[in-house]
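So you can see what is in the structure, the chains are spelled out below.
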Number of protein chains: 2
Amino acid sequence: MPEAVSAPDVRATIGASEFDRDTAVVRRAPGVYDTDLSAGWTIINAVNGGYLLAVLGRALADALPHPDPFTVSAHYLTASRPGPAVVRTETVRTGRTLSTGQASLVQYDDDGEEVERIRVLASYGDLAGLPDDVRTAAKPPELPPLEHCLGPDDGPAPIEGGSAITDRLLLKLDPATLGWALGQPSGKGEMRAWFGLADGRDADPLSLLLAVDALPPTAFELGLSGWVPTVELTVHVRCRPAPGPLRVAITTRNLAGGFLEEDAEVWDSADRLVAQSRQLARVRLG
Amino acid sequence: MPEAVSAPDVRATIGASEFDRDTAVVRRAPGVYDTDLSAGWTIINAVNGGYLLAVLGRALADALPHPDPFTVSAHYLTASRPGPAVVRTETVRTGRTLSTGQASLVQYDDDGEEVERIRVLASYGDLAGLPDDVRTAAKPPELPPLEHCLGPDDGPAPIEGGSAITDRLLLKLDPATLGWALGQPSGKGEMRAWFGLADGRDADPLSLLLAVDALPPTAFELGLSGWVPTVELTVHVRCRPAPGPLRVAITTRNLAGGFLEEDAEVWDSADRLVAQSRQLARVRLG
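Calculation notes
Every chain's residues receive numbers from 1 upward, in the order its sequence appears when written. To read the labels, note that chains go from A and ligands from 1, taken in the order they are written. Given that this is a predicted model, residues contribute local features only at a pLDDT of at least 70 and side-chain atom pairs are listed and counted only at 80 or more, while totals for whole chains, interfaces and linings are drawn from all residues. To obtain the side-chain values, all non-hydrogen atoms of the structure were included, while hydrogens and water were left out. The atoms used to superpose the copies are C-alpha atoms, taken from residues with pLDDT of at least 70 in both, and the fit is least squares. Throughout, a residue-residue contact means that at least one pair of heavy atoms, one from each residue, lies within 4.5 Å. One side-chain nitrogen of Lys or Arg within 4 Å of one carboxyl oxygen of Asp or Glu is enough to make a salt bridge. For helices the rule is a DSSP run of H or I covering at least 4 residues; for strands it is a run of E covering at least 2, with both sets numbered from the N terminus onward. Relative accessibility under 20% of the residue-type maximum defines a buried residue, over 50% an exposed one, and the middle range a partly exposed one, all with a 1.4 Å probe and only protein chains included. UniProt positions are given in the numbering used here, feature names are shortened, and annotations may be inferred rather than shown by experiment. Here a pair means two rings of Phe, Tyr or Trp (six-membered ring of Trp) with centres within 6.5 Å. Their orientation is stacked below 30 degrees between planes, edge-to-face above 60, and tilted elsewhere. By buried area we mean how much accessible surface two parts lose on assembly, using a 1.4 Å probe and totalling the loss over both. Per-residue confidence from the prediction method is given by pLDDT, with values spanning 0 to 100.

- As annotated in an unreviewed UniProt entry, chain A is Thioesterase family protein from Streptomyces tagetis.

1. Remarks on the relation of the copies chain A and chain B
Thinking step 1. Taken as rigid bodies, chain A and chain B are interconverted by a rotation of 180° and an axial shift of 0.0 Å, the fit giving an RMSD of 0.0 Å. In symmetry terms, the pair is related by a two-fold rotation axis. When C-alpha positions in chain A are compared against the rotation axis, the closest is assigned to serine 73 of chain A, at 3.2 Å.
Thinking step 2. Comparing contact sets, 100% of the residues at the interface of chain A also lie at the interface in chain B, consistent with an isologous, same-surface contact.

2. Some details on the pattern of salt bridges
Two side chains carrying opposite charge are able to pair once their charged atoms lie near each other.
Thinking step 1. Counted by the stated rule, this structure contains 40 salt bridges over all chains.
Thinking step 2. Close ionic contact of arginine 247 of chain A with aspartate 271 of chain A constitutes a salt bridge, the shortest N to O distance being 2.7 Å. Placement of arginine 247 of chain A in strand E13 (residues 246-251) and of aspartate 271 of chain A in the loop between strand E15 (259-267) and strand E16 (273-282) is noted, with a sequence separation of 24 residues between them.
Thinking step 3. Ionic pairing is found between arginine 278 of chain B and aspartate 263 of chain A, a salt bridge with its closest N-O pair at 3.6 Å. With arginine 278 of chain B in strand E16 (residues 273-282) and aspartate 263 of chain A in strand E15, this residue pair bridges two chains. The residues arginine 278 of chain B and aspartate 263 of chain A share a single accessibility class, namely buried.
Thinking step 4. Taken together, the salt bridges that share partners define one network made up of Asp20, Arg58, Arg201 and Asp204 of chain A.

3. Description of the UniProt feature "domain: Acyl-CoA thioesterase-like N-terminal HotDog" (unreviewed entry) in chain A
Thinking step 1. The sites that carry the UniProt feature "domain: Acyl-CoA thioesterase-like N-terminal HotDog" (unreviewed entry) are, in the present numbering, residues 38-123 of chain A.
Thinking step 2. Here residues 38-123 of chain A runs as 17% helix and 52% strand, with 26 Å between its end C-alpha atoms.

4. Things to note about the environment of alanine 61 of chain A
All names here are of chain A.
Thinking step 1. Mapping alanine 61 onto the fold places it in helix H2 (residues 49-63).
Thinking step 2. Linking alanine 61 and threonine 97, residues 36 residues apart in sequence, is a C-alpha distance of 14 Å.
Thinking step 3. For alanine 61, the residues in contact, after removing those within four places along its chain, are His66, Pro67 and Tyr124.

5. Remarks on the packing of aromatic side chains
Thinking step 1. In total, this model carries eight aromatic pairs over all chains according to the counting rule given.
Thinking step 2. Every member of this aromatic cluster is reached through a ring pair, and the members are Phe19, Trp41 and Tyr51 of chain A.

6. Comments concerning the interface of chain A and chain B
Thinking step 1. Contacts between the two partners involve 54 residues from chain A, matched on the other side by 55 residues from chain B.
Thinking step 2. Between chain A and chain B the total buried area reaches about 4,800 Å² when both faces are included, carbon and sulfur atoms providing 51% of it.
Thinking step 3. Sorting the residues of chain A by area buried against chain B places Arg135, Arg238 and Arg253 of chain A first, and these three jointly supply 15% of that buried surface.
Thinking step 4. Applying the counting rule to chain A against chain B returns eight salt bridges.
Thinking step 5. A salt bridge links arginine 253 of chain B to glutamate 265 of chain A; the shortest N-O distance between them is 2.1 Å.

7. Some thoughts on the confidence of the model for chain A
Thinking step 1. The pLDDT averaged across chain A works out to 92; a share of 93% of its residues lies at or above 70.
Thinking step 2. pLDDT under 50 marks residues 1-7 of chain A. Its contacts with residues more than four places away, or in other chains, come to one contact.

Below you can see the structure in the form of C-alpha cells.
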C-alpha cells in the first residue's frame, strides 16, 4: 500500500476545487441564479474580471442547451464587491450547433437598490463535437521552464500587491517581462506566464475565462501604474484544454487617448491555442 | 465662375451620402427605430455584417447620451434580408465618460413572426474628448499606392462575385494578397486594402463599423471558398478618422475545429490606428 499522499500532492479535480466552489451558481428560478462572490479572487479590493466572467459563464452553461462558451463578450459596468450577487440569463437563440444567451450580474447597494455590474452576450457550442483539423499560423509563446519563472512568493524581488487571488493561482511570470516589478519596465506591452490553479485543478473551458484576465496588466510593462479597469472583454474558447499548466501571453500594441487594448492567448500543454481574448481598458496617465 | 463639376468629382459629405441614407433609422418611440435594410450592401444575397453594425450603431448613437461607439460587441443570430427591420435599444448604464447600451435588430418572417437577426452590447463615449497621447507599438500596414492596388473592376483578373456592395465601396486590394482571385491563394491568412466609400464620403466612427468587415474574408487566401458567416464581431473605435482613404489589414492566425478568428486594423491618412476588431467566424471545410 502506498503511503497516504501529503496535502500538497493532492490535486483538486474539476468540479471539486476552489474555483468550482467559488464560481458556483444556484438556480432559484428559470434564468435566475444566486451566487456569492468570493473575497478570495480579489486584487487589492477589486473582484477579478476573469473570475466574474467564469461565474456568468457557469450560469449560461446551465441556462443554454450547449455546454461550452465559444465566444463571450462582457461589458463591465460598475465594480463588483465580494458578497451575494444574482445572475439573470436570457436565451436569445437556440440553434443546432450554437446557442446564444445573455446574462447580467447584479448586486444590491446599501439602500437595497439593484446595481448591474456586468452584462454579457455569449454563444455556446460543444467543443467535443468540433472536427480535429488545425491549420494555424500561431506559435506558442516562448517561455523559460516553469521553475525558472517567478511568482508572487519568489524573492529577492517579490511582486507587489499581495492580493487574495495570488493564493488561488499558480502564476509564474517570465522574468523577461518582470521589469516593472523591479522598477524597470521594458516599455513593451508584453507579459508571459505559466498559469494554473493553485489547488492543481486542471483547466476547462470555464477556467479559461479566468485565465485570459489573470495576469498583471501589460500596462505595468509600459511604465504605467495603478488601476486599469476593463471596459469590455471578449474571449473565444477554441479548444478543450489538455491537462497540465497553461501558457498565457498578453500583448498591448496601441495605448492612445487614455485607452488600450490587451490581447491574450492561452496555450495548453499539447501546444494548442485554446483561447484568445481582447479587452478594451482605461488607463490613468500619471 | 468655375464650370459645374462633373459627377465623379462631387464628393458626398458626412450626413448626405449613400452610407448615411442606407443606415438611417427613424425613431418611432423611445428605444424603437424603424429602418430599411438596403439591397445595395449585399454580397451575393447576404446583407454585409459591417453595414448591419453601422445601422445598429446609428440607433445607439441616438439612444445613448454619448455620440461615438468605443466598443461594440455583436452576436449574429440569423441572416438578415434586405427590407424593413426594427432596432430596439436599451440604455444599460449612463456614466460620465462612457455609457453602455444594448440593441437588437429584428425582422419579420413570412408569417409575421419576429425573428431576431443581431444582438449588440456597446459602450459609447466622446472621441473628441480624449487626450491626444499616443504610445503605440503598432505600425500601419505596408501597402502599394492606391493606384497600384486592384478592385473588382480591374482586369485582367476581375474579382469574382459581382455583389451590390462593391458599387458602394472604394476597395483596392494589395495585389500581394490577391492570389485567391487567380486561383493561387497564398496560404497566409492576410488581406490588405485601401478602403473608402464610392461616393467620396469621408470616414467617421460609424463608417469604421463597416470598414472592419468589408474586405473579402481572409479564408480565401487560406484556400477556402464559400461563405464564412460571422458568429461574433467586436470592434474598438480608437480615434476619429482623418479625411482621406483608410488602410485596412485583416489577419487570421488560427483556423481550427471549423472556426477561425479574423482581426482587422484600420488606419487613417494621418497614420493613426483608428479601429481594431476581431470576429469569430465559421468555415466550411471542403
